[in-house]
Amino acid sequence: MNIDKLDYHSLIIFESISRHLNAGLVANELGMSISSVSRHLGILRDIFKDVLFIRRAQGFVLSDKAIQLLPYIKQLLHDYQVIKHNHIHFNPLTARGHFKIYAYNEFTYVINKVIHQYILPQAPNLTFEVRTLSSDCSRAIEHGEIDFAVVYERFKDHKIICEMFSPTEELFLIAKEGHAVFEDEFTLANLCQYDYFALDNYNDLSMPLLEQLGKTEGKAVNVLGATDNIAALSRHILDGRAISMSCNVFTREFYSLIKGIRTATLPSELTERLLKQITVGRTVGNYLIYSEINQSPTHHWLKQQLFNGIRDEWYLAMGRK
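Here we come to unusual backbone geometry. At Lys-49, a position not held by glycine, the phi torsion is positive, near 50°. By the element assignment, Lys-49 lies in the loop between helix 3 (34-48) and strand 1 (53-56). The phi dihedral of Leu-52 falls on the positive side, at around 65°, and the residue is not glycine. Structurally, Leu-52 can be placed in the loop between helix 3 and strand 1. For Leu-52, a relative accessible area of 0% gives the class buried.

Written out as structure tokens, the structure is:
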């Protein structure tokens, strides 16, 4: 083996091929041509005197040698990133990169606000793709195909890093202006009288919080349906007599702009009983999640900017800033 030929870029390509098992996907991820990927793979094969990645109809398969080498290559890449992060000055003005951010519907406006008001003025060469999260994307996050996601309670993989930027402390009732629900005290018994259309905030739950708590106390709730889209929920609220509920202060801010819809904070005692229905083994709240794979200085800086910006906007919306 001529180990002197082994460079950092070849290590990155080795690790990327081991994840994607497809030269085209590696090229897309690293912003290079397929021919460049093939050239570096040829160098790696020459260094280690092994085919490393065996071509099959469905993509590459790791050879025994590649399987043996992969943990060492991952460690080398990790150590390189540690050195780069701790000992090289990072200047956001010259940083470049394209980042994919996925988030539940209620967070996308605030994420774009943070990007345009706080991040781009400092790092004008970064570009972003902000999309609404509508399915389980944990595998894509784990592999670094999605850079960041803003979620409630849906992540389990140990390779995903989770940082809570705000706990869930309040729940808000949502109903049409003039709805009879606002004339009564907000008790479980009173709320269970009305049709309910769920805003699907917590995907770990088999049923809406109100229905779940009502069931434990012998009270039935007529659930008309569920949506994770606040625009769709708005139509259901305005067109009928259903009530709904949200834990998100950005949702409440949005509804303050919608004529004909009213919100109100639920009593703390009822909120506590409702939130106790969530038993996920961690603090109930809102999380910024990302993969442990990407430890570049730009990614680390961007993570901190997103985290601080969304957190500050959350507490501003709660009237705490």
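Here the narrative resumes, following the displayed structure.
Reading across the sheet, the five strands line up as 4-3-5-12-6 and stay open at both edges, with mixed pairing between neighbours. Because the sheet does not close on itself, it has two edges, and the strands there are strand 4 (126-132) and strand 6 (160-167). Averaged over all adjacent pairs, the angle separating strand axes in this sheet is 20°, with direction ignored. Running at roughly 25° to strand 6, helix 12 (residues 297-317) makes contact with strand 3 (97-103), strand 4, strand 5 (148-151), strand 6 and strand 12 (285-291) of the sheet.

With that out of the way, let us pick up the sheet that holds strand 11 (residues 261-265). The sheet built from three strands is open, its strands ordered 10-7-11 with antiparallel pairing. Edge positions in the open sheet fall to strand 10 (244-246) and strand 11, since each of these has one partner strand only. Neighbouring strand axes in the sheet, compared pairwise and without regard to direction, differ in orientation by 30° on average. Strand direction decides the pairing type here: strand 7 (residues 172-176) and strand 10, joined by three bridges, are antiparallel. Bridging from a neighbouring strand, Phe-172 pairs with Ser-246 of strand 10.

Our next topic: the environment of Leu-171. Tracing the backbone shows Leu-171 in the loop between strand 6 and strand 7. Relative accessible area serves as the criterion here: at 2%, Leu-171 is assigned to the buried category. Spatially, the C-alpha atom of Leu-171 lies 15 Å from that of Thr-283, the residues being 112 residues apart in sequence. When sequence neighbours within four positions are dropped, the list of residues in contact with Leu-171 reads Ser-246, Cys-247, Ala-264, Thr-265, Leu-266, Thr-271, Leu-274 and Leu-275.

By the definition in use, this model includes 10 salt bridges. Here Arg-311 ties to Asp-312 by a salt bridge, and the two come within 3.4 Å at their closest N and O atoms. The class of Asp-312 is partly exposed, set by a relative accessible area of 26%. The structure contains a network of salt bridges with shared partners spanning Glu-217, Glu-269 and Arg-273.

Turning next to the pairing of strand 4. Examined bridge by bridge, strand 3 and strand 4 share seven bridges and lie parallel to one another. Residue pairing across strands places Lys-100 opposite Glu-129, the latter belonging to strand 4. For the segment spanning strand 3, helix 5 (residues 108-119) and strand 4, crossover handedness is right-handed.

It is worth spelling out the packing of aromatic side chains at this point. Tallied over the full model, the rule gives 14 aromatic pairs. Taking the centre distance of 5.6 Å and the plane angle of 50° together, the rings of Phe-107 and Tyr-152 count as tilted. Of the two residues, Phe-107 is situated in the loop between strand 3 and helix 5 and Tyr-152 in the loop between strand 5 and strand 6; the sequence distance between them amounts to 45 residues. Of the two residues, Phe-107 and Tyr-152, both sit in the buried class. Ring centres 5.9 Å apart and planes at 85° place the aromatic pair Phe-107 and Phe-250 in the edge-to-face group. Of this pair, Phe-107 sits in the loop between strand 3 and helix 5 while Phe-250 sits in helix 10 (residues 249-255); the two residues are 143 residues apart in sequence, bridging distant segments of the chain.

What follows concerns the nonpolar core. Among the nonpolar cores identified, the biggest contains 67 residues, and Phe-107, Ile-119, Val-181, Leu-191, Leu-266 and Leu-274 are the most heavily contacted of them. Tallying contributions element by element places helix 12 first for this core, with six residues. Filtering out sequence-adjacent residues up to four positions away, Leu-191 remains in contact with Leu-173, Val-181, Phe-186, Leu-210, Ile-243, Leu-266 and Leu-270. Formed by 22 residues, the second largest nonpolar core is a distinct cluster that contains Ile-17, Val-37, Leu-44 and Ile-47.

So, on to the side chain of Ser-10. Inspection of the secondary structure puts Ser-10 in helix 1 (residues 8-20). Judged by its relative accessible area of 0%, Ser-10 falls in the buried class. Polar side-chain contacts of Ser-10 include one of 2.7 Å to the side chain of Asp-7. Contacts of Ser-10, omitting those with residues within four sequence positions, involve His-40 and Leu-44.

The rules behind the values
- Residues numbered from 1 in each chain as written.
- Predicted model: local features only at pLDDT ≥ 70, side-chain atom pairs only at ≥ 80, totals over all residues.
- Heavy atoms only, no water.
- Helix = DSSP H or I, 4+ residues; strand = E, 2+ residues; numbered from the N terminus.
- Buried < 20%, exposed > 50% of the residue type's maximum accessible area, 1.4 Å probe, protein only.
- Pairing = 2+ DSSP bridges.
- Axes fitted to C-alpha atoms, helices over the stretch in contact; angles between N-to-C directions.
- Contact = heavy atoms within 4.5 Å.
- Salt bridge = Lys/Arg side-chain N within 4 Å of Asp/Glu carboxyl O.
- Right-handed = clockwise from strand over helix to strand, strands pointing away.
- Phe/Tyr/Trp six-rings, centres within 6.5 Å; stacked < 30°, edge-to-face > 60°.
- Core = buried A, V, L, I, M, F, W, Y, C linked by side-chain atoms within 4.5 Å.
- Polar contact = N/O pair within 3.5 Å; in protein donor to acceptor, adjacent residues only side chain to side chain.

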